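Structural overview
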Amino acid sequence: MRVSSDGVHQRRRRVAAVALLALAAAIAWAIGSLGGSGGGGPEHSGFAARLARIGGSGDGSLRQRREAADAEAVKRTVSSMPKIVSGGRGAPLVALTFDDGPSEWTPRILEILEREGAPATFFTVGGMFSAFGSTASAVASAGYPLANHTWGHLQMPTLSPSDQASELDRASEAIKSAGGATPNLYRPPFGAVDDSSVKAANKRGMLVVLWDVDTLDWERPGADAIVANAVEGARPGSIILMHDGGGDRSETLAALPRIISGLRAKGFRLVTIPRLLDESPPQGEQTPPPVGQA
Ligand code: ZN
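Values in this document were obtained by computation on a predicted structure and should not be read as measured data.

What the protein contains, in helices and strands, is 10 helices and 9 strands. A buried classification covers 53% of the 294 residues belonging to the protein. A separation threshold of at least 6 residues defines the contact pool for the protein, and within that pool the share at least 24 residues apart is 79%. Put simply, the protein shows about 12,700 Å² of open surface, and 55% of that area lies on carbon and sulfur atoms.

Have a look at this one:
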């Protein structure tokens, strides 16, 4: 290699500058695709804050317009179908979802997502907020949607309608107290639904969000298996089930960077659930997944 030539050096500097610009553009694009209905407030850090600085944060700002579009997309979907398993199958979009947090594992999951510029949606358990409320706030501030995974992670179909309502409402209150937007997405613990709990969620403006790809990370099958389940199982519109709480998540942590790069290598773009609904809404019949360990 002719490393001594100034021309080569200059060209390399130009190439490096172009690469940096491309990287910056990619990051800006990734920020733009973050979507989310995270909380407002001046103390934001992370990608959402950078987006707010780039796009402004007042009326009509990029972030605000995107949040409004996200909220509209959820509203549109919930008005036509009570629950979803995936997005539309026509666009190469996939949504990573994390259940059962906030927990001691969440900050490291968030760190990886932010480093990779990877959008995701968090289905949080209200009862965890007393111990990990500040963690949930950090997730919301970074622009990631906080969604409702009930207060106590119980089998909803076994509860009375009033207890079901309380499970939903207490969790939504916890999310709002942590700075999250009023949740408009609900994932039933274990994927267990009955008419009454689905109606209760829909009545509160929440779409029931199931999944079509289970990484089985809760079984701790090893990081390789978790990666394979996610990357090989993903199809256009897939909603991928993972966990940031509910037990030792070291395998999930180890798998996550490889899942992100593996999905991107297959041509998928990562989006939040609301973004998925906006850009590639679910179509037709949705076959529910087998009741599992959400
Ligand atoms: Zn769960």
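That shown, we press on.
When you line up the elements, Ala 174 lands in helix α6 (residues 161-177). Along the chain, Ala 174 and Ser 130 lie 44 residues apart, while their C-alpha atoms are 8.7 Å from each other. Sequence-distant contacts of Ala 174, that is, excluding residues within four places in its chain, are made with Gly 126, Phe 129 and Trp 151.

Throughout the structure, instances matching the rule amount to 13 salt bridges. In this structure, Arg 275 engages Asp 70 in a salt bridge whose closest nitrogen and oxygen atoms are separated by 2.8 Å. Residue Arg 275 is located in helix α10 (residues 273-279), and its partner Asp 70 is located in helix α3 (residues 62-80); the two are separated by 205 residues in the primary sequence. Under the relative-accessibility criterion, Asp 70 is labelled buried at 1%. Of the charged contacts in the structure, one is a salt bridge between Arg 204 and Asp 169, with a shortest N-O distance of 2.6 Å. Placement of Arg 204 in the loop between α7 (195-203) and β6 (207-209) and of Asp 169 in helix α6 is noted, with a sequence separation of 35 residues between them. Among the charged side chains, a salt-bridge network with shared partners connects Asp 70, Arg 76, Arg 269, Arg 275, Asp 278 and Glu 279.

Burial along strand β3 (residues 121-124) is two-sided: Thr 121 and Phe 123 facing one way and Phe 122 and Thr 124 facing the other are all buried. Across 3 bridges, strand β2 (residues 93-99) lies against β3 in parallel orientation. The residue bridging Asp 99 from the neighbouring strand is Phe 123, located in β3. Read from β2 through helix α4 (residues 106-116) to β3, the crossover connection turns out right-handed. Across 3 bridges, β3 lies against strand β4 (residues 146-148) in parallel orientation. Looking at β4, one finds that Phe 122 is bridged to Leu 146. In this fold, the crossover linking β3 to β4 by way of helix α5 (residues 129-141) has right-handed handedness.

Turning next to unusual backbone geometry. Among all residues save glycine, negative phi is the norm, and among peptide bonds the norm is trans. Following Gly 101, the chain continues into Pro 102 via a peptide bond in cis, with omega recorded as 0 degrees. Take Pro 102: it is sitting in the loop between β2 and α4. A positive phi angle, close to 70 degrees, is found at Thr 150, a residue other than glycine. Within the secondary structure layout, Thr 150 lies in the loop between β4 and α6. Of note, the phi angle at His 153 is positive, near 55 degrees, even though the residue is not glycine. By secondary structure assignment, the location of His 153 is in the loop between β4 and α6.

Quick look at the pairing of β2 now. Among the 7 residues of β2, 7 are classified as buried, and the element is accordingly described as predominantly covered. The alternating pattern of β2 places Leu 93, Ala 95, Thr 97 and Asp 99 on one face and Val 94, Leu 96 and Phe 98 on the opposite face, and all of these are buried. Pairing between β2 and strand β9 (residues 269-270): 2 bridges, direction parallel. Note that in β9 the partner of Leu 93 across the bridge is Arg 269. Bridge count between β2 and strand β8 (residues 239-243): 5 bridges; the pairing is parallel. Of the residues in β8, the one forming a bridge with Leu 96 is Ile 240.

Conventions adopted
- Residues numbered from 1 in each chain as written.
- Predicted model: local features only at pLDDT ≥ 70, side-chain atom pairs only at ≥ 80, totals over all residues.
- Heavy atoms only, no water.
- Helix = DSSP H or I, 4+ residues; strand = E, 2+ residues; numbered from the N terminus.
- Buried < 20%, exposed > 50% of the residue type's maximum accessible area, 1.4 Å probe, protein only.
- Contact = heavy atoms within 4.5 Å.
- Areas by Shrake-Rupley, 256 points an atom, 1.4 Å probe, with all protein chains shown as cover.
- Salt bridge = Lys/Arg side-chain N within 4 Å of Asp/Glu carboxyl O.
- Pairing = 2+ DSSP bridges.
- Right-handed = clockwise from strand over helix to strand, strands pointing away.

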